[in-house]
Amino acid sequence: MTGTDLPTIGWGPPNPPRHAVDRRRLAASFDLMSAVLDGVALPGLLTLVAERARVMVGVSLAFVALPAEDANTLRIEVAVGTGSDQIRGLTVRRGRSLLGRAFSSRRALSARVVADQTLTALPAGPILILPLDTGDATRGVLAVLGQPGAEPFSPSAARQLLLFADLAARLVQLGEDQRAAVPPDSAEARIVALHPPRPGRP
């Protein structure tokens with residue numbers, strides 16, 4: 001993989017149009033807030049983050065990587081879209097990948113996959129990697145990938161996704177904090193159990 005930090009992006013015209021991505025970001029943010037209020041567990045929230053990010057920019061594949069048991073690695077816990085089965089569960093070293101670089105630097109990275117020794121299953125198309133940063137720490141990274149030969153991500157699309165990733169990280173953390181604050185045998189926990197997420201939610 002080869003890439004640069006997001007601020008230096010100078011690729012092509014917006015794709016899709018900026019206003020379309022903005023509308024999708026607002027809709028995606030609302031869906032995620034609703035899921036948090038519904039008490040959706042972490043796997044479902046992360047899947048929703050990846051799905052909505054993929055729809056926002058109309059790409060075929062998106063995934064979320066989180067720190068693995070080995071402190072020096074990241075593991076792709078959630079992947080949605082074409083080829084997701086090939087990369088789900090894949091572990092990469094932080095110091096040898098763009099995923100690790102985005103995680104450690106807490107900065108978004110844009111690249112075009114050419115020959116990546118850490119993610120060999122990825123198509124040779126454009127990739128955008130965004131830190132899931134809560135403000136206190138980076139919890140993981142969100143990545144979206146285009147098809148080989150697709151136009152690179154425009155600065156406007158990248159900024160919209162970065163805004164979504166920042167909000168998503170905070171909302172997911174909020175959801176986890178709320179769940180941790182409810183004792184499993186409490187009345188509130190029983191109420192949540194009696195009122196599961198709405199149909200269609202992960």
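Our subject is the structure listed above.
Note that the structure is predicted; figures quoted are calculated from it, not measured.

Chemist: Would you take a moment to explain the nonpolar core for this structure?
Modeler: Note that soluble globular proteins tend to have their nonpolar side chains buried in a common cluster. Judged by nonpolar contacts, the single largest core of 36 residues is most densely connected at Val-64, Leu-142, Val-144 and Leu-161. Those elements that provide at least two residues to this core are helix H1 (18-37), helix H2 (42-57), strand E2 (61-67), strand E3 (73-81), strand E6 (126-133), strand E7 (138-145) and helix H5 (155-180). It is H5 that provides the largest number of residues to this core, a total of nine residues. Other than its neighbours up to four places away in sequence, Leu-142 contacts Val-49, Ala-50, Ala-53, Phe-63, Val-64, Leu-128, Ile-129, Leu-130, Leu-132 and Ala-165.

Chemist: Please clarify how H2 should be interpreted in this entry.
Modeler: Three or four residues apart is the spacing at which side chains of an α-helix point the same way, because the helix has 3.6 residues per turn. Given a rise of 1.5 Å per residue, 16 residues ought to cover 22 Å, and the 23 Å separating the end C-alpha atoms of H2 matches this to within 8%. Listed as buried for H2 are Gly-44, Leu-45, Leu-46, Leu-48, Val-49, Ala-50, Ala-53, Met-56 and Val-57.

Chemist: So what exactly am I meant to see when it comes to unusual backbone geometry here?
Modeler: Negative phi is the rule for most residues except glycine; trans is the rule for most peptide bonds. Its identity is not glycine, yet Arg-106 carries a phi of approximately 60°, on the positive side. Tracing the backbone shows Arg-106 in the loop between helix H4 (98-105) and strand E5 (109-112).

Chemist: Help me understand the pattern of salt bridges in this model?
Modeler: Side chains bearing opposite charge may pair, as long as their charged atoms lie close to each other. Per the stated rule, a full pass over the model turns up five salt bridges. For Glu-51, the salt bridge goes to Arg-52, with nearest N and O atoms at 3.9 Å. Look at Arg-52 and you get partly exposed, because its relative accessible area is 24%. Among the salt bridges present, the one from Asp-85 reaches Arg-88, with a minimum N-O distance of 2.7 Å. The class for Asp-85 is exposed, based on a relative accessible area of 64%.

Chemist: What's the story with the layout of surface pockets in this structure? I'm lost.
Modeler: Unfilled space is identified by rolling a water-sized probe across the atoms. Roughly 170 Å³ of internal volume is contained in the second largest pocket. As for the second largest pocket, its lining consists of Leu-42, Leu-46, Val-49, Leu-66, Leu-132, Thr-134, Arg-139, Ala-168, Ala-169, Val-172, Gln-173 and Glu-176. Elements represented by at least two residues in the lining of the second largest pocket include exactly H2 and H5. Here the element with the most residues in the lining of the second largest pocket is H5; it accounts for five residues. Each residue belonging to the lining of the second largest pocket can be placed in one class, and the counts come to eight nonpolar, two polar and two charged.

Calculation notes
Along each chain, the written sequence defines residue order, and numbers are assigned to residues from 1. For a predicted model such as this one, the threshold for reporting local features is a pLDDT of at least 70, and the threshold for listing and counting side-chain atom pairs is 80 or more; totals across whole chains, interfaces and linings nevertheless cover every residue. Side-chain figures throughout are based on the complete set of non-hydrogen atoms in the structure, without hydrogens or water. What makes a nonpolar core is a set of buried Ala, Val, Leu, Ile, Met, Phe, Trp, Tyr and Cys residues whose side-chain atoms join them at distances within 4.5 Å. With a 1.4 Å probe rolled over the protein chains alone, any residue whose accessible area is under 20% of its type maximum counts as buried; one over 50% counts as exposed, and the rest are partly exposed. Helix and strand assignments follow DSSP, with helices taken as H or I runs no shorter than four residues and strands as E runs no shorter than two, numbered in order from the N terminus. Between two residues, a contact is recorded if the distance between any of their heavy atoms is within 4.5 Å. A helix's residues, less one, multiplied by 1.5 Å, set its expected span. By definition, a salt bridge exists where a carboxyl oxygen of Asp or Glu is found within 4 Å of a side-chain nitrogen of Lys or Arg. Of the two site types, the cavity is a set of points on a 1 Å grid over the protein atoms alone where a 1.4 Å probe fits but cannot get out, and the pocket is an open set with protein on both sides within 12 Å along at least five of seven lines, each lined by residues with an atom within 4 Å of a point. Grid points are joined across faces, edges and corners, and a volume is the space filled by probe spheres set on the points. Under the convention adopted here, Pro, Cys and the residues Ala, Val, Leu, Ile, Met, Phe, Trp and Tyr are nonpolar, Asp, Glu, Lys and Arg are charged, and Gly plus all remaining residues are polar.

Functional significance is not addressed by these values, which are geometric in nature.
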